[in-house]
Amino acid sequence: GALCVVVRDLIVYGVLTDMMKGRPAVYATFSSYDEVAHHSGLERADTLEALRKLDQQFGRIARALRYAPRPYRVVVLSDHGQTQGATFKQRNGQGLDDLVRGALEYADVASVEAGDENDKTVGNAIGEATGRGPKQKRAKNDVSGEDVVVLASGNLGLVYLMDEPRRMTLEEIDQRHPRLVPTLAAHPHVGWLLVRSAERGALVIGGAGTRSLSDGDVDGEDPLASFSPNAPRHLLRTDGFPHVADLMVGSFYDPNLDEGCAFEELISFHG
């Protein structure tokens with residue numbers, strides 16, 4: 001709360017200073033609403049208060065336009081939508097990493113959470129204000145020597161099997177860890193898995209069906225039926241990334257309640 005206010009005021013001060021100097025372009029990230037909403041949820045009193053305070057800061061910038069030595073156009077962009085729901089761990093008493101660990105034939109599992117995406121922004125702002133540089137210590141995401149790495153970023157989970165330096169195919173995963181894909185796909189709070197088959201290409205697997213992303217064929221129930229019509233296109237694009245995880249895991253989505261669940265401890269996650 002108080003930290004967000006300090007950072008927000010520092011950001012606005014920087015924007016106003018650059019405007020008065022006539023900079024040709026000024027860019028800033030206002031993180032207070034996003035940070036509060038992630039941890040408190042949407043439409044909560046403190047979240048709406050953060051939004052009101054943010055609007056006041058935009059008003060300060062708008063009022064300052066007349067005093068700037070050159071004309072400016074103010075453009076405000078939203079980073080992302082947000083969806084609410086109890087987290088995976090709150091619903092099940094265990095995290096995604098625990099579920100993966102129990103479905104493996106062997107291996108030590110390391111869990112890494114992305115956390116609030118504004119942590120680094122806030123830290124950099126404080127460092128600049130106080131003159132303190134970053135602390136040098138072992139990174140939280142140092143997973144050297146681990147057999148399996150499970151990352152969580154909101155309602156997206158990424159499972160990296162470190163047996164191979166490349167992405168493993170569905171057939172290879174089934175051979176080495178035959179319980180892994182069925183366990184994840186059947187879980188009620190998992191909506192889909194993205195995995196690449198050596199025979200069929202990119203597949204989206206759900207608890208009751210599979211969708212081929214190359215031709216749109218569905219066996220059983222479409223695991224993407226409750227998601228956006230653009231979901232297959234986005235997942236096919238993701239499948240083409242050079243460092244895509246062996247298994248990409250998406251949480252369930254309930255369109256009636258407009259709820260899903262994050263694989264990290266965020267009450268509200270990226271929509």
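Keep in mind it's a predicted model, so treat the numbers as computed, not measured. (Residues numbered from 1 in each chain as written. Predicted model: local features only at pLDDT ≥ 70, side-chain atom pairs only at ≥ 80, totals over all residues. Heavy atoms only, no water.)

What about the packing of helix α2 (residues 32-40) against helix α3 (residues 45-64)?
This is how it is decided: Axis definition: a line fit to C-alpha positions, over the contact stretch in the case of helices; interaxial angles, taken between N-to-C directions, run 0 to 180 degrees. Only DSSP runs of H or I covering at least 4 residues are called helices, and only runs of E covering at least 2 are called strands; the numbering of each starts at the N terminus. Angles below 35 degrees are treated as roughly parallel, those above 145 as roughly antiparallel, those between 65 and 115 as roughly perpendicular, and all remaining angles as oblique. The contact criterion used is simple: two residues touch if any of their non-hydrogen atoms lie within 4.5 Å. In this classification, Asp, Glu, Lys and Arg are treated as charged, Ala, Val, Leu, Ile, Met, Phe, Trp, Tyr, Cys and Pro as nonpolar, and every other residue, Gly included, as polar.
At a minimum axis distance of 9 Å, the contact between α2 and α3 shows a crossing angle of 175°. Taken together, the axes of α2 and α3 lie roughly antiparallel to each other. Taken together, the residues of α3 that come into contact with α2 (itself represented by Ser-32, Tyr-33, Val-36, Ala-37 and Ser-40) are Asp-46, Thr-47, Ala-50, Leu-51 and Leu-54. Here the residues of the contact of α2 with α3 sort into six nonpolar, three polar and one charged.

Structural notes on the pattern of salt bridges
Under the convention used in this document: By definition, a salt bridge exists where a carboxyl oxygen of Asp or Glu is found within 4 Å of a side-chain nitrogen of Lys or Arg. The buried label applies to any residue whose accessible area, calculated with a 1.4 Å probe on protein chains only, is under 20% of its type's maximum; exposed applies above 50%, and partly exposed to all values in between.
Under the criterion given, the structure shown has 13 salt bridges. Of the charged contacts in the structure, one is a salt bridge between Asp-239 and Arg-196, with a shortest N-O distance of 2.2 Å. Of this pair, Asp-239 sits in helix α9 (residues 231-239) while Arg-196 sits in strand β5 (residues 190-197), and the two are 43 residues apart along the sequence. Among the residues examined, Asp-239 registers a relative accessible area of 5% and is labelled buried. Classification of Arg-196 as partly exposed rests on a relative accessible area of 32%.

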